[in-house]
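Below are the chains, spelled out letter by letter.
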Amino acid sequence: MTAKVIDGKAFAAKVRAEVAEHVARLREENGLQPGLAVVLVGEDPASKVYVKNKHASTVEVGMASFEHRWDATISEADLLALIDQLNADPKVHGILVQLPLPGHLNSELVINRIDPAKDVDGFHISNVGLLGTGQKSMVPCTPLGCLMMLRDHHGKLAGLNAVVVGRSNIVGKPMAQLLLGDSCTVTIAHSRTKDLAEVCKRADILVAAVGRPEMITGDMVRPGATVIDVGINRIERDGKAKLVGDVHYESAAAVAGAITPVPGGVGPMTIACLLANTLTACCRANGLAEPEGLTA
Ligand code: GUN
């Protein structure tokens, strides 16, 4: 069997086009423009690339983009004051503080200062709790993107065995909650799981988010399973720089029913979902109906 390749790049383009349509309608019918504020502290090169891409995508769908770039030496008090200011700004519907923050800043304190209704990353403790109890929340972008691709591929997910490999707060845990919300039977596995291959092999849906290059190999995949690869690992092979996922693509694709590639799978969905979350936040803030198909 050769797996169907789930094209995250094309899917993300479709999501961005839908968001853009909603944004145009909000402008015409309600005189509203969703706004996203992104806060970048310091000079981390990867973070600078992410923030640049976020800005370009935000503008492209017709939203307002507010960038706040601060020197790595900013004090915690000044950063918290900036967040208070963004919380109070009616033009700002979404706030994202790019992580990681420099070591002298307490990330949890900073993230939890964001108004939960504007927390488009879904990292605020209130949103984590709301998701965990099945209430309306802001959902982290990467797992939301994975959920959209899974729903698109399977239709209904109810009753399927889902195995999430990885237990991070950003991907593994919220992914498991979302799959549970769609009535999957969910197992969270991780680097210390006993008989990981055997656990993975039970999965109808296998989500790899461990951050270890090509750790999930074809022999760990149930024939016909859907494999979602969240990993982005930069490695060197044959003297060349290469981007690989947490899944060994070739061997897994030979067994799986469907699989996301790296690059071009989950990655592009993350920013598309950030825009979807900003749109959702704007609709909620103004008492308008939420965009269909763009939320959990
Ligand atoms: N750094 C890497 N990924 C992310 C993300 O999804 N959100 C934020 N805020 N920072 C990140």
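Note that this is a predicted model, so its numbers are computed, not measured.

Student: Which residues make up the site of the ligand, and what are the values?
Tutor: Taken together, Leu96, Val97, Gln98, Leu99, Asp121 and Phe123 make up all the residues around the ligand. The backbone of Val97 places a nitrogen or oxygen atom 2.8 Å from a nitrogen atom of the ligand. The backbone of Leu99 places a nitrogen or oxygen atom 2.8 Å from a nitrogen atom of the ligand. For the ligand, the accessible surface in isolation is 280 Å², of which the surrounding protein chains cover 78%. A per-class count over the shell around the ligand returns four nonpolar, one polar and one charged.

Student: Any chance you could break down the sheet that holds strand S5 (residues 161-165) for me, citing the residues and the numbers?
Tutor: A sheet is described by the order of its strands in space; here six strands give the open sequence S1-S11-S8-S7-S5-S6, paired in parallel fashion. Two strands close off the open sheet at either side, each with one partner strand: strand S1 (4-5) and strand S6 (185-189). The sheet contact formed by S5 and S6 spans five bridges and is parallel. By the bridge assignment for S6, Val165 is matched with Ala189. Packed on one face of the sheet, helix H7 (residues 172-181) meets S5, S6 and strand S7 (205-208) and runs near 170° to S5.

Student: Outline helix H6 (residues 141-154), listing residues and values.
Tutor: With 14 residues, H6 should reach 20 Å at 1.5 Å per residue; the first-to-last C-alpha distance of 20 Å fits that figure. H6 sits mainly inside the fold: 10 of its 14 residues count as buried. When we look at burial in H6, the residues that qualify are Cys141, Thr142, Pro143, Leu144, Gly145, Cys146, Leu147, Met148, Met149 and Leu150. Along its buried surface, H6 packs onto helix H1 (8-30), H7, S7, strand S8 (226-229) and helix H10 (266-285).

Student: Help me get a handle on the packing of H1 against H6, residues and values and all.
Tutor: It is the contact of H1 with H6, at a shortest axis distance of 11 Å, that shows an interaxial angle of 100°. Relative to H6, the element H1 lies roughly perpendicular. Residues Gly8, Phe11 and Val15 of H1 form the contact with H6, whose own contacting residues are Met148, Met149 and Asp152.

Student: Please give an account of the pairing of S5 that cites residues and values.
Tutor: Counting buried positions along S5 yields four of five residues, so the element is predominantly enclosed. On the question of chirality, the crossover connecting S5 to the parallel S6 by way of H7 is right-handed. Summarising the sheet, S5 and S7 pair through four bridges and their orientation is parallel. Among the inter-strand pairings, Ala162 is bridged to a residue of S7, identified as Ile205.

Conventions used here
Residues numbered from 1 in each chain as written. Predicted model: local features only at pLDDT ≥ 70, side-chain atom pairs only at ≥ 80, totals over all residues. Heavy atoms only, no water. Near = heavy atom within 4 Å. Polar contact = N/O pair within 3.5 Å; in protein donor to acceptor, adjacent residues only side chain to side chain. Areas by Shrake-Rupley, 256 points an atom, 1.4 Å probe, with all protein chains shown as cover. Nonpolar A, V, L, I, M, F, W, Y, C, P; charged D, E, K, R; others polar. Pairing = 2+ DSSP bridges. Helix = DSSP H or I, 4+ residues; strand = E, 2+ residues; numbered from the N terminus. Contact = heavy atoms within 4.5 Å. Axes fitted to C-alpha atoms, helices over the stretch in contact; angles between N-to-C directions. Expected span 1.5 Å × (residues − 1). Buried < 20%, exposed > 50% of the residue type's maximum accessible area, 1.4 Å probe, protein only. Parallel < 35°, antiparallel > 145°, perpendicular 65-115°, else oblique. Right-handed = clockwise from strand over helix to strand, strands pointing away.

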